[in-house]
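Breakdown of the fold
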Amino acid sequence: MKKLERNNAIRNIAIIAHVDHGKTTLVDNMFRQGCTFREDQDVGERVMDSMDLERERGITIAAKNCSVLWGDTKINILDTPGHADFGGEVERALMMVDGAILLVDSSEGPLPQTRFVLKKALESGKRIIVVVNKIDRGDARPEEVLQMIYDLFIDLDANDAQIDFPVLYAIGKQGMAKRSLEEEGTDLRPLFETVLEEIPGPGFDPTAPFQLLVSDLDYSDYVGRLAIGRVFNGAVHQNDSLACIGEDGSSKPLRVSKIQVYDGIGFRETDRVEPGDIAILAGIEDVHIGDTICTTENPKALPRITVDEPTISMHFAINTSPFSGLEGKFVQSAKLRERLQRETMSNVALAIEDGDTADSFVVKGRGEFQMAILIETMRREGYELSVGRPHVIYKEKNGKLLEPIEHVFINCEEAFTGIVTEKMSQRKGRMINLVNHGTGRVQLEFSIPSRGLIGYRTEFLTDTKGTGMMNSYLQGYEEYRGEFPTRLTGSIVSDRRGETTGYALYNLEPRGIIMVEPGTPVYEGMIVGEHNRDADIDVNVCKPKKLTNHRASNKDDAISLTPVVPLTLERAIEFIRDDEMVEVTPKSIRLRKIVLPALDRHRARGEKIAAAMED
């Protein structure tokens, strides 16, 4: 085996953290102290959260690259998502780095999503630097959290070298890090120095020809498609003759119109990229994530990026409601197919298949949250579509049906332990652990089928009065645990087209929870509320109050309706059953039955009952 050389002028690192542990704020201050911005430059906060959805939700969805300069060393930083549903982003990001910073809140400690990303990093042999953040919190407990981190490393089967990790303590929002709690910290110098000391420079074979593994794709209106990846061996120049090796092993020539590298949060054009650096090649049209770009004289593929298999599938279709085409720009199935295929090119964790009809598709991914983000992104781009209830993807082994199992961590007030345990057991969940520190809150751990969590998160927040926290990660596949009821309530369905009236909604309130306001346009088959019994009911929500020429002496009582909770996309996806869909447009989110006419639904229900009685 040839001995690798190290390019010590470069460091490639990823940052791993759970949602809201201060990762993006820390990166902001690394930019400021790493000479990325001019002193007089106006820079907003959370510059790495470039997507509107990331800024709104306060989470990282897509892995993004940037660089800072510390002394003469260029540090490429990859901001990884903190949610397991975006695991495909994590896996392709880790292919480009040699080490990672594990950022942990000094009060909350390592949480499940941290565990997921850290497991991937340890499996790939990355060197880890631990940063205990937010040590200025009133409830900070850095010593206990550090012990929890050691326990996590041991639980993830880290080797001796990985467990012997360096530890720093930080206050990210102040841009300060220090090597011990007793020190007086002033800036992030200890963090930068630790990165240079602990993370090795990227290794390369000095005799090997140029090889770049495509780990990300982007698009520029000026130069076309951008292929982004790490240069594993060799160097590339502006007009070199290159080839792309695809998934089938075939090699096709290509021409690169421009070569760029990361410079802060932007790009800088260059004539040459050194081995170990992360390059952006422009002008390559037919390229996919996982392809190898190399020289035409020595075409040799690198190992492709591998990701975990999808666990959730959802049915996507064109919008077929009576309101179709009124609010969106893109309503045709061809536009929908093109958009979904474009998403799979940049997201390796998503897969698309043809559905039962020419106008429908089956999209497979990691979780319902990932699907919700995709749908929300599409509706903001002007698409109209209908989506069905998420379903888990089963496997079969040795004649047995296997299903994905989640490891769930719940933190809630002690008074809610009973209701949470009851609801989890109804969904075939099994309690693994219960910890009560006597603070009024308890920590519960469950093993539960992934399908048991679909539709439960909103119910969980209601049961815990908004004070509970629930996190989970995919534990693996186990034998099918049996059937359980997914929703114990029915739907209140409109039986005609029109506009809702306050009079009709007021008289329907005793029947359940109303989801629409007076004056809302509705159509036959549209769901307007949740019935408090397990059966669906068809109602007239457009019924006006009959007027007469007589006026009561005490006047009519004013109608006072219960405020309607706005219907979010996540809540809509969790609510629907197998015979229902969510209609998504740029302006509206509506719930509907798959079969709109009430007569057809009643006929189908009767045929189903008759067939069951014959069996």
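Residues numbered from 1 in each chain as written. Predicted model: local features only at pLDDT ≥ 70, side-chain atom pairs only at ≥ 80, totals over all residues. Heavy atoms only, no water.

**Focus: the packing of helix 1 (residues 23-33) against helix 7 (residues 189-198)**
The contact between helix 1 and helix 7 brings their axes to 11 Å, and the two run at 90 degrees. With respect to helix 7, the axis of helix 1 lies roughly perpendicular. Residues L26, M30 and Q33 of helix 1 pack against R189, L191 and F192 of helix 7. Partitioning the contact of helix 1 with helix 7 into residue classes produces 4 nonpolar, 1 polar and 1 charged. (Axes fitted to C-alpha atoms, helices over the stretch in contact; angles between N-to-C directions. Helix = DSSP H or I, 4+ residues; strand = E, 2+ residues; numbered from the N terminus. Parallel < 35°, antiparallel > 145°, perpendicular 65-115°, else oblique. Contact = heavy atoms within 4.5 Å. Nonpolar A, V, L, I, M, F, W, Y, C, P; charged D, E, K, R; others polar.)

**Section: the environment of I410**
Structurally, I410 can be placed in strand 26 (residues 400-413). Looking at I410, the relative accessible area reads 2%, which means it is buried. Along the sequence, I410 and M469 sit 59 residues apart, while their C-alpha atoms lie 5.7 Å from each other. Aside from chain neighbours lying at most four places away, what touches I410 is V420, M424, V442, Q443, L444, F446, F460, M469 and M470. (Buried < 20%, exposed > 50% of the residue type's maximum accessible area, 1.4 Å probe, protein only.)

**Re the environment of K335**
Relative to the helices and strands, K335 resides in helix 8 (residues 333-346). Spatially, the C-alpha atoms of K335 and I318 are 9.6 Å apart, while their sequence positions differ by 17 residues. If sequence neighbours within four positions are ignored, K335 has contacts with F330 and Y383.

**Some details on the packing of helix 8 against helix 9 (residues 368-380)**
A packed helix pair is summarised by two numbers, namely the angle formed by the two axes and the spacing between the axes. Following both chains from N to C, one finds helix 8 and helix 9 inclined at 130 degrees, their axes separated by 12 Å at the closest point. As far as their axial angle goes, helix 9 and helix 8 are oblique. The handedness of the crossing between helix 8 and helix 9 comes out as right-handed. Residues L336, R339, L340 and E343 of helix 8 lie in contact with helix 9, whose contacting residues are L374, T377 and M378. A breakdown of the residues in the contact of helix 8 with helix 9 according to their chemical character gives 4 nonpolar, 1 polar and 2 charged. (Left-handed = near helix turned anticlockwise from the far one by under 90°.)

**A look at helix 10 (residues 417-426)**
Taken residue by residue, helix 10 has T417, V420, K423 and M424 as its buried positions. The arc that holds the buried residues of helix 10, viewed along the axis, is 140 degrees, so those residues lie on one side. Taken together, the buried residues of helix 10 touch strand 26, strand 27 (430-436), strand 28 (441-449) and helix 12 (457-463). Looking one or two places after helix 10, you find K428, whose phi comes out positive at around 65 degrees. (Arc of directions from axis to C-beta.)

**Topic: the packing of aromatic side chains**
In total, this model carries 7 aromatic pairs according to the counting rule given. Taken together, a centroid distance of 5.0 Å and an interplanar angle of 90 degrees make the contact between F323 and Y523 edge-to-face. On the criterion of sequence distance, the pair formed by F323 in the loop between strand 20 (312-317) and helix 8 and Y523 in the loop between strand 33 (521-522) and strand 34 (526-531) is long-range, its members being 200 residues apart. A relative accessible area of 0% means that Y523 is categorised as buried. Seen in terms of ring centroids, Y456 and F460 are 6.0 Å apart; in terms of plane orientation they differ by 55 degrees. Their pairing is tilted. Each of the two residues, Y456 as well as F460, counts as buried. When the ring centre of F232 is taken as origin, the NZ or CZ atom of R230, which lies over that ring, is 5.0 Å away. Above the plane of the ring of Y477 lies K395, whose end atom (NZ or CZ) is 4.3 Å from the centre. (Phe/Tyr/Trp six-rings, centres within 6.5 Å; stacked < 30°, edge-to-face > 60°. Lys NZ or Arg CZ within 6 Å of the ring centre and 35° of its normal.)

**Topic: helix 1**
Across the 11 residues that make up helix 1, a large majority, 8, are buried. Turning to helix 1, its buried residues are K23, T24, L26, V27, D28, N29, M30 and F31.

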